[in-house]
Amino acid sequence: MAVQERGEGSQGAVDRAARRVPALSTMDRGLATELVYGVLRRQRPLDRWLDGALDRGLRGVDPAALTAMRLGLYQLAWLDRVPDHAAIAATIDENREAIGRGKVGFVNAVLRRMSRDRPWQAGVGPTLPPWIETRVRTYAATLKLDADALVGAFAERAPLQAHVVAPARATALQAFAADGIDVATVGGIPGAFEVLDGGLFAGRLFEARQVIAQDAASAAVVEWVGAAPGMTIADVAAGRGAKSLFLSTAGAAVTAVDIGGPRLAEAARLADWAGWPLADTLATDASSPIDLPEASFDAVLLDAPCSGLGTIRRRPEIAQRRRAADLTANHDLQLAMARRCADLVRVGGIMVYAVCSFAEEEGPLVVARLLAERPDLQRAPPDDHQAWATALLDERGDLRTHPLWHGVDAFYAARLIRR
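Residues numbered from 1 in each chain as written. Predicted model: local features only at pLDDT ≥ 70, side-chain atom pairs only at ≥ 80, totals over all residues. Heavy atoms only, no water.

(A) Layout of the packing of helix α2 (residues 10-19) against helix α3 (residues 26-41). Remark: α2 packs on α3, axes separated minimally by 11 Å, with the N-to-C direction vectors making an angle of 150°. In terms of their interaxial angle, α2 and α3 are classed as roughly antiparallel. In this structure, α2 meets α3 at a crossing whose hand is right-handed. Here S10, Q11, V14, D15 and A18 of α2 come into contact with α3, specifically with R29, T33, V36, Y37 and L40. Of the residues in the contact of α2 with α3, the class split is five nonpolar, three polar and two charged. (Axes fitted to C-alpha atoms, helices over the stretch in contact; angles between N-to-C directions. Helix = DSSP H or I, 4+ residues; strand = E, 2+ residues; numbered from the N terminus. Parallel < 35°, antiparallel > 145°, perpendicular 65-115°, else oblique. Left-handed = near helix turned anticlockwise from the far one by under 90°. Contact = heavy atoms within 4.5 Å. Nonpolar A, V, L, I, M, F, W, Y, C, P; charged D, E, K, R; others polar.)

This is the structure we're talking about:
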């Protein structure tokens, strides 16, 4: 209800709800998380089946009753280990107060009908809004991928992936093994691992503040900057500071820039927690002139605000909230920020422009316009130690990731050098 009725983010809503139940077991928290993300991820087929089962469709159905029916129906259709009678009974019992006495019988009857008719046996059908599915298929064609497989991958659960700080990478595998955490490397991306089994957050690397949960596509972006000891780097649109942290652990002096002061405070706390303090922070709107010396940074990373379409497996509410028109507005903002960031890069320095989106308007088209305006910028090939990036480069030499490659999110990044 917090996500669908009040516009909160799914991850934050789940975390806040779990904190209100301190005795919640790990297993029950896992089930609750599966229910929330599953309902959000499969909302379109769930609503199609419910709409077909009701004489007047879903129009006018109370939001709490609708949420309860989605919860129950998701269990019936997807959770094989939950018997139908238990899924229906638990849904009614746990949501009775929210549904209201007068609607409990209605919800119960609908779920029992769904259990009997089992509409999912005829096929699930589309899970993405049509305009997003069209964009996914276009992306698949661009990268010469199986379009149906890519569409299907965006409807699945994202794997748990982690990023180890540079100083701990040499012994990371041994540390994971000692804690009984089964991991696999992800495409050679430095420090990136997929957690196959075991408790990442109870392991010694996490306790020692040497690893955080982070999708490997995001790890690839920060590693593509090529941070090294002694470099000065500006991380623009730094958010809560995960990328700033990893740039710092490579030995760089990092200035985190973001429009949100509270987010910058979180970024500074994260870096301090890990023992790699930031060189500086700056709260400012990076689409306007940035109060930093021009041509003064060895590298600038702009992880620009975007639609987040590449992360819909982890934030499934995005699929329902975004509209195609958003991409045009985002493009204008992203280009304005890219222009300002280019001014900060010294001659011979690197600028990485990145978005967690596969939309052309937010990625390649922004870079194309920037390069057309700035003859002093051109694409930079990977450094000698970045051979891992070769498998991810498109025909232009830009980084493109997708869920069919080690299950990572769909990111875009261009690496530019200032001449």
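(B) Molecular detail of the side chain of Q334. Inspection of the secondary structure puts Q334 in helix α16 (residues 324-344). A polar contact of 3.2 Å, which involves the side chain of Q334, links it to the side chain of E362. Every residue in contact with Q334, bar those within four places of it in the chain, is listed here: L302, A304, P305, C306, Y353, V355, E361, E362 and V366. (Polar contact = N/O pair within 3.5 Å; in protein donor to acceptor, adjacent residues only side chain to side chain.)

(C) Quick peek at the sheet that holds strand β1 (residues 161-164). The strand order across the open sheet formed by four strands is β2-β3-β1-β4, and the pairing between neighbours is antiparallel. If you trace the sheet from one side to the other, it starts and ends with β2 (182-185) and β4 (211-213), each paired once. Each adjacent strand pair in this sheet contributes to an overall mean axis angle of 35°, direction not counted. (Pairing = 2+ DSSP bridges.)

(D) Representation of the packing of helix α12 (residues 216-224) against helix α13 (residues 242-249) within the structure. The geometry of α12 relative to α13 is characterised by a closest axis approach of 10 Å and an angle of 45° between their N-to-C directions. In this view, α12 runs oblique relative to α13, as classed from their interaxial angle. Crossing geometry of α12 relative to α13 is assigned as right-handed. Of the residues in α13, those in contact with S218, V221 and V222 of α12 are K243, F246 and L247. For the contact of α12 with α13, the per-class residue count stands at four nonpolar, one polar and one charged.

(E) Quick peek at the nonpolar core. With 88 residues, the main nonpolar core has F176, L302 and Y353 as its most contacted residues. Once you skip the residues sitting within four places of it in the chain, L302 turns out to touch V236, A237, Q334, M337, A338, C341, V352, Y353 and A354. Within the second largest apolar cluster, 29 residues are counted, among which are L35, L46, V104 and M114. (Core = buried A, V, L, I, M, F, W, Y, C linked by side-chain atoms within 4.5 Å. Buried < 20%, exposed > 50% of the residue type's maximum accessible area, 1.4 Å probe, protein only.)

(F) Geometry of unusual backbone geometry. Here K144, not a glycine, exhibits a phi torsion of approximately 60°, which is positive. Overall, the relative accessible area of 72% leaves K144 in the exposed class. With a phi close to 60°, H406 is a non-glycine residue in the positive phi region. With respect to the helices, strands and loops of the structure, H406 is situated in the loop between β11 (399-400) and β12 (412-418). On the basis of relative accessibility, which here comes to 38%, the residue H406 falls in the partly exposed class.

(G) Representation of the pairing of strand β3 (residues 192-197). In the sheet, β1 pairs with β3 via three bridges, with the strands oriented antiparallel. Of the residues in β3, the one forming a bridge with A162 is F193. From the end of β2 to the start of β3, which pair antiparallel, there are six residues, and G187 there has a positive phi angle of about 60°.

(H) How the structure looks around the pattern of salt bridges. Counting across every chain of the model gives 31 salt bridges. Among the salt bridges present, the one from E8 reaches R16, with a minimum N-O distance of 2.7 Å. Taking the shortest distance from any N to any O, the salt bridge between E361 and R135 comes out at 2.8 Å. Residue E361 is found in the loop between β9 (345-355) and α17 (364-373), and its partner R135 is found in helix α8 (residues 130-142); the two are separated by 226 residues along the sequence. (Salt bridge = Lys/Arg side-chain N within 4 Å of Asp/Glu carboxyl O.)

(I) Expanded view of the packing of aromatic side chains. With the rule as written, the count across this model stands at eight aromatic pairs. Feature note: the residues W49, Y74, W78 and W120 constitute an aromatic cluster, connected by ring pairs. (Phe/Tyr/Trp six-rings, centres within 6.5 Å; stacked < 30°, edge-to-face > 60°.)

(J) Summary view of α17. Within the span of α17, buried status applies to P364, V366, V367, L370 and L371. Taken down its axis, α17 places every buried residue within 160° of arc, on the same side. (Arc of directions from axis to C-beta.)

(K) Fine view of the state of the cysteines. Counted by the stated rule, this structure contains zero disulfides. Distance from the sulfur of C356, which forms no disulfide, to the nearest cysteine sulfur (C306) is 3.4 Å. For C356, a relative accessible area of 16% gives the class buried. (Disulfide = S-S within 2.5 Å.)

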